[in-house]
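# Examination of the molecular architecture
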Amino acid sequence: MTVYTSSTLCIRLIDWQDTIAIRHQVLWPHKAPAFSKVDNDEQGLHFGAFIGETLVGVASVFIEGHRARLRKYATLSDFQGQGIGSQVLNAIFAELKRYPVSYFWCDARESAIGFYQRFGMQVESERFYKSAVAYVKMGCALPDGQTN
């Protein structure tokens with residue numbers, strides 16, 4: 001299912017297995033590929049950003065009740081800084097309007113706080129670490145239970 005299309009980028013839902021290579025390469029290249037799998041990957045919504053037929057970015061969203069969590073959000077280094085990540089996050093927000101979700105959150109790497117703040121997300125925790133990488137919890141309210 002295509003979620004978003006522009007002249008150069010197509011964002012569509014993909015299978016969780018198709019996210020692993022980019023997650024591994026971008027987020028945890030020094031770990032085994034299995035480290036990039038999320039326990040409940042089978043239940044998530046997985047977004048793939050394609051330029052032509054090339055998968056260049058991935059993001060996974062897990063919905064529990066009225067909350068949606070962003071996890072394993074990554075764009076290949078050769079394609080970073082081109083607005084792809086912003087388009088993916090906009091597509092996620094648009095897709096979440098189809099669900100009764102009122103809160104969106106993620107564990108954000110400290111280096112990405114400014115990026116998430118541009119989308120209305122706010123820091124909601126003290127710094128914590130995952131495998132020696134600094135993170136904070138960030139989140140934002142969404143229109144309560146709004147669906148199309």
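Notes on the structure follow. (Residues numbered from 1 in each chain as written. Predicted model: local features only at pLDDT ≥ 70, side-chain atom pairs only at ≥ 80, totals over all residues. Heavy atoms only, no water.)

## Digging into the overall build of the protein
A count of helices and strands for the protein gives three helices and nine strands. Secondary structure elements of the protein occur, N-terminal to C-terminal, as β-β-α-β-β-β-α-β-α-β-β-β. Seen through its C-alpha atoms, the protein measures out along the principal axes to roughly 40 × 40 × 30 Å. Each of the 148 residues in the protein was classed as buried or not, and the buried ones make up 45%. Relative to all contacts within the protein whose residues are 6 or more apart in sequence, the contacts with residues 24 or more apart total 59%. When the accessible surface of the protein is split by element, carbon and sulfur atoms take 49% of a total near 7900 Å². Side-chain charges of the protein comprise 15 positive and 14 negative groups, with the mean position of each set lying 3 Å from the other. (Helix = DSSP H or I, 4+ residues; strand = E, 2+ residues; numbered from the N terminus. Buried < 20%, exposed > 50% of the residue type's maximum accessible area, 1.4 Å probe, protein only. Contact = heavy atoms within 4.5 Å. Areas by Shrake-Rupley, 256 points an atom, 1.4 Å probe, with all protein chains shown as cover. Lys, Arg positive; Asp, Glu negative; His and termini not counted. Charge placed at Lys NZ, Arg CZ, Asp CG, Glu CD.)

## Re the state of the cysteines
A covalent bond bridging the sulfur atoms of two cysteines is what the word disulfide describes. In this structure the tally under the stated criterion is zero disulfides. Among the cysteines around Cys106, which has no disulfide bond, Cys140 carries the closest sulfur, lying 8.9 Å off. (Disulfide = S-S within 2.5 Å.)

## A closer look at the pattern of salt bridges
Across all of its chains, the model carries six salt bridges by this definition. Glu95 serves as the salt-bridge partner of Arg98, at 2.6 Å between the closest nitrogen and oxygen. For Arg98, a relative accessible area of 45% puts it in the partly exposed group. What emerges from the salt-bridge pattern is a single network uniting Arg69, Asp107 and Lys130. (Salt bridge = Lys/Arg side-chain N within 4 Å of Asp/Glu carboxyl O.)

## Some thoughts on the side chain of Ser36
In this structure, Ser36 sits in the loop between helix H1 (20–27) and strand E3 (45–51). Of note is the side chain of Ser36, whose polar atom sits 3.4 Å from the backbone nitrogen of His24. Excluding its chain neighbours within four sequence positions, the residues that come into contact with Ser36 are Ile20, Arg23, His24, Trp28 and Lys72. (Polar contact = N/O pair within 3.5 Å; in protein donor to acceptor, adjacent residues only side chain to side chain.)

## Let's talk about the pairing of strand E6 (residues 103–109)
The two faces of a sheet get side chains in turn, since along a regular strand they alternate between them. Most of E6 is tucked away: six of the seven residues are buried. Chirality of the crossover, the property in question, places the unit of strand E5 (residues 67–75), helix H2 (residues 84–96) and E6 among those that are right-handed. Taken together, the seven bridges between E6 and strand E9 (residues 133–141) define a ladder with antiparallel strand orientation. Paired with Arg109 across the strands is Tyr135, a residue of E9. (Right-handed = clockwise from strand over helix to strand, strands pointing away. Pairing = 2+ DSSP bridges.)

## Looking at the pairing of E9
Inspection of the sheet shows strand E7 (residues 122–123) paired to E9 by two bridges, in the antiparallel sense. Residue pairing across strands places Gln122 opposite Gly139, the latter belonging to E9. Relative to E9, strand E8 (residues 128–130) runs antiparallel, the two sharing three bridges. Within E9, the residue paired with Phe128 across the bridge is Tyr135. From the end of E8 to the start of E9, which pair antiparallel, there are two residues, and Ser131 there has a positive phi angle of about 45°.

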